[in-house]
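Observations on the three-dimensional arrangement
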Amino acid sequence: MTAINDDTVASRISRILADRIVTGQLEPGTKLRQDHIAEEFGASHVPVREAFRRLEAQGLAISEPRRGVRVASFDLKELREVAQMRAALEVLALRHAAPHLTPAILDLAEEATVAADNSRDVRSWEGANRRFHRLLLTPCGMPRLLAVIDDLHAVSARFLFATWRSEWEVRTDHDHRAILTFLRQGEIENAAVVLERHVQWTGQKPVKNVSGSTRDAFAIVG
C-alpha cells in the first residue's frame, strides 16, 4: 500500500471513528483496539496508528502508557475552554471572510439556519448549524485557521450529543438571523459581537440517568 493510499485510509478511519466518538457511540474511556479496528476496515496497522494520531490532535482520543489509546473524557472546564477558543477564532475568521461574503453565500447560510430551526433531532441540527458557520467563515481563505475551528466544532458537538441524544427541543436561532442581518447591512463588527456572544453561550440542562436519577448536563449550542 502506498503512502498516499495509507493517508486516504487513515483519513477515512479517523473520520468514521470521530463521528462515533462525537455522537456517543464510543463513550469516554472506551479503548480503541488497533487490531480490531484494522480488521474492521481491512487495513494495516499503519493507517490505524495515523488515524489515532489524528483523533488525539482533535482532542477526541488520548494515548496512555501501557493502556493504549482511549476515547478522551470531557468536563465543564473543557467545554468552557472550547467555547472561548471558538469565539476568538471564529470572530477572527469572520472579519477576514466578511469582505468576500456574497449575497448567494448569505442566502445559503440563511437556508442552513432554517434547516436547523426545523430539525427534529440533534444530528440534523448539528449538521445544519455547522454548515451555517462554515459558509460564513470559509471565505476567510485561511485553511489552518479553518482546520482548527473544524476540530473545535467536533469537540463541542460531543457536549451537544451527550446532552440531547435522547430527546430534542426545536428552537429558533435568533442569533444566526441577527448575524445575517448585520452582514447584509455591512455591519461587520456588530455581526462579530453577536457571533462571539453566541458561540460562548453554554447551557445547562437536567438529564435523566438510566437509574432514574437526574444530573446537570452542559452543552454548547452555538
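Here we summarise the structure given alongside this text.

What counts, and at which threshold
- Residues numbered from 1 in each chain as written.
- Predicted model: local features only at pLDDT ≥ 70, side-chain atom pairs only at ≥ 80, totals over all residues.
- Heavy atoms only, no water.
- Helix = DSSP H or I, 4+ residues; strand = E, 2+ residues; numbered from the N terminus.
- Buried < 20%, exposed > 50% of the residue type's maximum accessible area, 1.4 Å probe, protein only.
- Contact = heavy atoms within 4.5 Å.
- Areas by Shrake-Rupley, 256 points an atom, 1.4 Å probe, with all protein chains shown as cover.
- Pairing = 2+ DSSP bridges.
- Axes fitted to C-alpha atoms, helices over the stretch in contact; angles between N-to-C directions.

So, on to the overall build of the chain. When you go through the chain residue by residue, the secondary structure sums to 9 helices and 5 strands. When the elements of the chain are put in sequence order from the N terminus, they spell out α-β-α-α-β-β-α-α-α-α-α-α-β-β. A burial count over the chain gives 43% of its 222 residues as buried. Of all intrachain contacts in the chain linking residues separated by at least 6 positions in sequence, the fraction that spans at least 24 positions is 70%. As displayed, the chain offers around 11,800 Å² of accessible surface, 52% of which is attributable to carbon and sulfur atoms.

Let's shift gears to the pairing of strand β3 (residues 68-71). In this structure, strand β1 (residues 31-32) lies alongside β3, joined through 2 bridges in antiparallel fashion. Across the sheet, residue Lys31 finds its bridge partner in β3, namely Arg70.

Right, let's get into the sheet that holds strand β2 (residues 61-64). Spatial strand order, β1-β3-β2: 3 strands in an open sheet with antiparallel pairing. Only two strands of the sheet have a single partner each, and these edge strands are β1 and β2. Its contacts with the sheet place helix α3 (residues 45-57) against β1, β2 and β3, and it is angled at close to 115 degrees to β2.

The pairing of β2 with β3 spans 4 bridges and is antiparallel. Note that in β3 the partner of Ser63 across the bridge is Val69. Taking the residues that link successive antiparallel strands as the turn, the β2-β3 hairpin has 3 residues, and the phi of Arg66 there is positive, at about 65 degrees.

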